[in-house]
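Here is how the chains run, residue by residue.
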Amino acid sequence: MAGCGNDIESPTKSTWHKTFGGAGDDFGIDIKTTSVGEIIILGQSQNLASDSSFARVIKLSADGIILFDRTIKTRKFSVPNGLMLNATDEIIVFGKTYDIEGESNSYILNLSSSDGSINWEKVHDLGIGDEITGMIGGENGKYLAVGNLKNEDGGFPGAGLQMSVVIEFSSTGDLLGSGHYIRFYDPGLISKGISIDKNGNYLVLAATSPSVSPYENDTYRGFSYFYMRKDNFGQIYFAYTLDFEIENIANSTGSYAQKMDGSDVAFLMASGTSAGGAKSQTILHELNLSSSDDPMNASFIDIFAKDLLLTAEGNFILVGDQASTRDLMVKKVGPGLVEEWSKVFGGKNRDTGSGIIQIGDYYYILGSTESEGAGLNDIWVLKIDASGNL
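Residues numbered from 1 in each chain as written. Predicted model: local features only at pLDDT ≥ 70, side-chain atom pairs only at ≥ 80, totals over all residues. Heavy atoms only, no water.

Colleague: Looking at this structure, I do not really get empty space enclosed by the protein. What am I missing?
Modeller: Empty space among the atoms becomes apparent when a probe as large as a water molecule is rolled across them. Taken as a whole and judged by the stated rule, the model has 1 cavity of 30 Å³ or more. Roughly 30 Å³ of internal volume is contained in the largest cavity. Taken together, Leu203, Tyr225, Phe226, Tyr227, Phe238, Ala239, Tyr240, Leu268 and Leu287 make up the lining of the largest cavity. Of the residues belonging to the lining of the largest cavity, the class tally is 9 nonpolar, no polar and no charged. (1 Å grid on protein atoms, 1.4 Å probe; cavity = no way out; pocket = protein on both sides within 12 Å on 5 of 7 lines; lining within 4 Å. Points joined across faces, edges and corners; volume = space filled by probe spheres on them. Nonpolar A, V, L, I, M, F, W, Y, C, P; charged D, E, K, R; others polar.)

Right, dumping it as structure tokens:
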């Protein structure tokens, strides 16, 4: 896409794109929509000159009007990993914050969705180098989260590696219990998120550490899914590990979507990119959640997808990066897991995609851009139509 300005908005055009930046780097992390169709954007603002990193929360109308733009500066160095909205549309930001000795601790913020003011802020020391990477609402106002910490059990395989932990928090962000450690495939699992199916059961998504995976190349990472029933939280009912077809996977992530027709059919997404970013691949697996049998169908797609949207019509919209051109990419995949269209947005520098929501007939894409903004990196929001056009 050529010739895009810093902030384009036309009353005669229903699609648009906007950038949000500053003196340093600003990255788009996550995007959600409220119950009344407003847009909540989570970003990370970094300033290398002052050695600081903050969470940035922006609220937009569906037409792109800024309702508030708030940078949370209560701690000098915090790294937001994602956001969720609770039943009353309060904004929950989760991630990690660093102390003066460089060790990270898990970090949760609760913000008002009306003006972005802080309702409460909690920091938890769950272990060495801990963080929260995914969170969902649970029963009775509780929150369920997944995170990572370093395994310090010298008598257990994989000592010193990261491992996944599943945690319960109260409605005010206080820790409940001591957490459940996922050791099904030994330590070395790096949590990427947690989802909930239509029956209230949980899926934990985790990348496998290179030094644990039984493959010759040390940079290989697979991707694992752990399914836990709501009445036996913390106990793994079944698990899958998905393998990429390309070699030298250095980074991987994943997502989950439940079919909207009342069936137990779900779709698991795993995405990986090679060392240096020269190659990328996304796997879409169709899965029957009422059975522990292998996934029913699978498709391999040329994109490093960061987020997945399953529409009411059964189509998939994938958002991520195109490895070959370093551009933001959006792909539509039909119900038969066949690609229908692909769109690329970007300029001469690096541009990436990180999230997607749908409001009416339009898709709102979140990303980061070096090409279109005024700063080194800017948060980038695009509103595209059902055919992927801007």
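Colleague: I would appreciate a short explanation of the sheet that holds strand β23 (residues 304-310) in the present structure.
Modeller: Strand pairing in a sheet relies on backbone hydrogen bonds. The paired strands run either parallel or antiparallel. On the basis of which strands lie adjacent, the open sheet formed by 4 strands has the order β23-β24-β25-β26 and antiparallel pairing. Whereas interior strands pair on both sides, the edge strands pair on one side only; in this sheet they are β23 and β26 (339-345). The sheet shows a mean angle of 20° between the axes of neighbouring strands, taken without regard to direction. Pairing analysis gives 7 bridges linking strand β24 (residues 316-322) to strand β25 (residues 327-333), with the strands arranged antiparallel. (Pairing = 2+ DSSP bridges. Helix = DSSP H or I, 4+ residues; strand = E, 2+ residues; numbered from the N terminus. Axes fitted to C-alpha atoms, helices over the stretch in contact; angles between N-to-C directions.)

Colleague: Hey, could you run me through the pairing of strand β7 (residues 78-85) in this one?
Modeller: Note on strand geometry: in a regular strand, side chains alternate between the two faces of the sheet. Burial analysis of β7 places 7 of its 8 residues in the buried class, the great majority of the element. Where β7 hands over to strand β8 (residues 91-98), the hairpin turn is made up of 5 residues, of which aspartate 89 adopts a positive phi near 70°. (Buried < 20%, exposed > 50% of the residue type's maximum accessible area, 1.4 Å probe, protein only.)

Colleague: Would you explain the nonpolar core in this entry?
Modeller: Burial of nonpolar side chains together is a common tendency in soluble globular proteins. Tyr225, Leu268 and Leu289 are the most contacted members of the largest nonpolar core, which has 19 residues in total. Secondary structure elements with two or more residues in this core: β16 (202-208), β17 (223-228), β18 (238-242), β19 (249-258), β20 (265-274) and β21 (280-288). For leucine 289, the residues in contact, after removing those within four places along its chain, are Asp197, Leu203, Tyr227, Phe238, Tyr256, Gln258, Asp264 and Ala266. (Core = buried A, V, L, I, M, F, W, Y, C linked by side-chain atoms within 4.5 Å. Contact = heavy atoms within 4.5 Å.)

Colleague: Would you mind showing me how to read the pattern of salt bridges here?
Modeller: Between side chains of opposite charge, a pair can form when the charged atoms approach closely. This structure, assessed with the given rule, holds 12 salt bridges. Here glutamate 168 and lysine 142 are joined by a salt bridge, their closest N and O atoms 3.4 Å apart. Of this pair, glutamate 168 sits in strand β13 (residues 162-169) while lysine 142 is found in the loop between β11 (131-137) and β12 (143-150), placing the two residues 26 residues apart along the sequence. Note on lysine 142: relative accessible area 27%, which makes it partly exposed. Of the charged contacts in the structure, one is a salt bridge between aspartate 321 and arginine 350, with a shortest N-O distance of 3.8 Å. Taken together, the positions of aspartate 321 in strand β24 and arginine 350 in the loop between β26 and β27 (351-359) put the pair 29 residues apart, joining distant regions of the chain. (Salt bridge = Lys/Arg side-chain N within 4 Å of Asp/Glu carboxyl O.)

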